[in-house]
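# Observations on the three-dimensional arrangement
This is what each chain is made of:
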Amino acid sequence: MTVIDSARPSWMRRLFNNRIARLIALFFITILAYAGAQIVPVAVMPHVPEANRESFAVVTETLSVILLLLIYWFFVRRMEHRRAGEIAPRKIPSIIPGVMIGLGLFAITIAILSAMGVAHVGGYTPRQAMLAATNMAVLSAVGEEIVFRGGVFRIVEEMFGTLVALLISAGFFGLIHMGNQGATLVSGAAIALEAGLLLAASYMLVRNLWLPIGLHFGWNFCEGGIFGTAVSGNSFK
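Chains are numbered independently. Their residues run from 1 in the order of the written sequence. A pLDDT threshold of at least 70 governs which residues receive local features in this predicted model, and a stricter bar of 80 or more applies before side-chain atom pairs are shown or counted, although totals over entire chains, interfaces and linings include all residues. To obtain the side-chain values, all non-hydrogen atoms of the structure were used and water was disregarded.

Close inspection of predicted coordinates is inappropriate in any region flagged by low pLDDT. Each residue carries a pLDDT score, the predictor's own confidence in it, on a scale running from 0 to 100. In the predicted model, the protein carries a mean pLDDT of 89, and 90% of its residues have values of at least 70. In this text, helices come from DSSP runs of H or I with a minimum length of four residues, and strands from runs of E with a minimum of two, each type numbered from the N-terminal end. For the protein, per-element mean pLDDT is lowest for helix α1 (residues 11-16), which scores 66, and highest for helix α4 (residues 95-115), which scores 95.

Shown next, in the form of structure tokens:
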């Protein structure tokens, strides 16, 4: 006896079977969560006793990162109906080479600028500025990689192929950074060409988000935490 299940999928299931709908939903859900993870701690910080502010910053940063990863995992499981292999815990060690590459690339950049007489390195970074730079680097690495590589690049690649995904995700990444303090068309194009393409390529290499997260963190931490230069318009000097 053959039993035919005539039940139609729910409207939500039918909606998210469409990749464009998934892309739009995942982008806005993750970008709002990422924005909230930046805004809420800043708004609450003035009400925290000064002696507890460093601990508060570390705890809120940790919780924000966990929340962002859980939101992405939940969306993939419930709306894409698959395992979120790109953030699998067993692939976390990919962060280490990513961090080393990011640190190395920015250090080489500063070395070149120093040799040209453009950059001058000296002094030290106070502990509070170092903590702020570290928190910024962690949150931006996790948040932006989830949004742009886990969301935009991955789903556009499924729809239109790798080359189109590279161009769209890199261009969009540069465009988003045009809202930063002091941004110009040149800086936006540089971010698209340097970070947009590089981070997408690192995702393509290993097909997980941990390598680009590590690379993103290494670059931003070296930029703001070690050399004290402005990161996306934010200075930690």
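Once the structure has been displayed, the description carries forward.
All right, on to unusual backbone geometry then. Positive phi is not limited to glycine here, since His81 has a value of about 55 degrees. Here His81 is to be found in the loop between α3 (53-80) and α4. Its identity is not glycine, yet Arg207 carries a phi of approximately 55 degrees, on the positive side. Tracing the backbone shows Arg207 in the loop between α7 (185-206) and α8 (210-226).

Attention shifts here to the side chain of Ser140. Mapped onto the elements of the fold, Ser140 is located in helix α5 (residues 127-160). Under the rule applied, a polar contact is a pair of N or O atoms within 3.5 Å (in protein, one hydrogen donor and one hydrogen acceptor; residues adjacent in sequence only if both atoms are side-chain atoms). Within the structure, the side chain of Ser140 is placed 2.8 Å from the backbone oxygen of Met136, a separation counted as a polar contact. A polar contact of 3.3 Å, which involves the side chain of Ser140, links it to the backbone oxygen of Ala137. In this view, Ser140 contacts Tyr34, Glu145, His216 and Asn220; residues no more than four positions away in its chain are not counted. Note on definitions: a residue-residue contact is assigned when non-hydrogen atoms from the two residues lie within 4.5 Å.

Here is the rule: rings of Phe, Tyr and Trp (six-membered ring for Trp) pair when centre to centre is within 6.5 Å. Planes less than 30 degrees apart are stacked, more than 60 are edge-to-face, and the remainder are tilted. Overall, the coordinates contain 9 aromatic pairs when judged by the stated rule. Measuring from centroid to centroid gives 6.2 Å for Phe106 and Phe227, while their planes differ by 45 degrees, and the two rings are tilted. Of the two residues, Phe106 sits in helix α4 while Phe227 sits in the segment after α8, which places them 121 residues apart along the sequence. You can call Phe106 buried: its relative accessible area is 6%. For the exposure calls, accessible area comes from a 1.4 Å probe over protein chains only, and a residue counts as buried if that area is under 20% of its type's maximum, exposed if over 50%, partly exposed in between. Take Phe227: its relative accessible area is 28%, and that puts it in the partly exposed class. An angle of 10 degrees between the planes, with centres 5.5 Å apart, marks the rings of Phe217 and Phe221 as stacked. On the criterion of helical spacing, the pair formed by Phe217 and Phe221 is a turn pair, its members being 4 residues apart in helix α8. Put simply, the rings of Phe27, Phe28, Phe148, Phe172 and Phe173 touch in pairs and so form one group of aromatic residues.

This part takes up the packing of helix α2 (residues 19-44) against α3. Here, axes are lines fitted to C-alpha atoms. For helices the fit covers the stretch in contact, and angles between N-to-C directions go from 0 to 180 degrees. The interhelical angle for the contact between α2 and α3, taken along N-to-C directions, is 165 degrees, at an axis separation of 10 Å. Comparing their axes, α3 and α2 come out roughly antiparallel. The handedness of the crossing between α2 and α3 is right-handed. Touching Arg22, Ala25, Leu26, Ile29, Thr30, Ala33, Tyr34, Ala37, Pro41 and Val44 of α2 are Phe56, Thr60, Ser64, Leu68, Ile71, Tyr72, Phe75, Met79 and Glu80, all from α3. Classification convention: Asp, Glu, Lys, Arg as charged; Ala, Val, Leu, Ile, Met, Phe, Trp, Tyr, Cys, Pro as nonpolar; all other residues, Gly among them, as polar. Its residues assigned to classes, the contact of α2 with α3 comprises 14 nonpolar, 3 polar and 2 charged. Relative orientations are named as follows: roughly parallel for angles under 35 degrees, roughly antiparallel for angles over 145 degrees, roughly perpendicular for angles from 65 to 115 degrees, and oblique for any other angle. In a left-handed crossing the near helix is turned counterclockwise from the far helix by less than a right angle, and in a right-handed crossing that turn is clockwise.

A few words on the nonpolar core. Residues belong to a common nonpolar core when they are buried Ala, Val, Leu, Ile, Met, Phe, Trp, Tyr or Cys residues joined through side-chain atoms within 4.5 Å. Core analysis: the largest hydrophobic core is formed by 43 residues, its most contacted members being Leu68, Leu69, Tyr72, Ile87, Val142, Ile146 and Leu209. Secondary-structure elements contributing two or more residues to this core are α2, α3, α5, α6 (162-176), α7 and α8. The biggest single contributor to this core is α5, with 12 residues. Leaving out residues up to four positions away in the same chain, Ile87 has contacts with Leu69, Tyr72, Trp73, Leu209 and Trp210.

The rule for a salt bridge is simple: a side-chain nitrogen of Lys or Arg has to be within 4 Å of a carboxyl oxygen of Asp or Glu. Inspection of every chain in the model, using the stated rule, returns 9 salt bridges. The partner of Glu80 in a salt bridge is Arg82, with the nearest N and O atoms 2.8 Å apart. Note that Arg154 and Glu158 form a salt bridge whose closest N and O atoms lie 3.5 Å from each other. Note that Arg154 and Glu158 are positioned in helix α5 at a spacing of 4 residues, about one turn of the helix. Accessibility expressed as a relative area gives 4% for Arg154, which makes it buried. By relative accessible area, which is 36% here, Glu158 ends up partly exposed. One network of salt bridges, with partners in common, ties together Arg19, Arg22, Glu80, Arg82, Glu86, Arg154 and Glu158.

Contact geometry for α4 and α8: axes closest at 6 Å, N-to-C directions at 35 degrees. At the point where α4 passes α8, the crossing takes the right-handed sense. Note on element contacts: α8 touches α4 through Trp210, Leu211, Gly214, Leu215, Phe217, Gly218, Trp219, Phe221, Cys222, Glu223 and Ile226, opposite Ile95, Pro97, Gly98, Val99, Ile101, Gly102, Leu103, Leu105, Phe106, Ala107 and Thr109. Of the residues in the contact of α4 with α8, the class split is 16 nonpolar, 5 polar and 1 charged.

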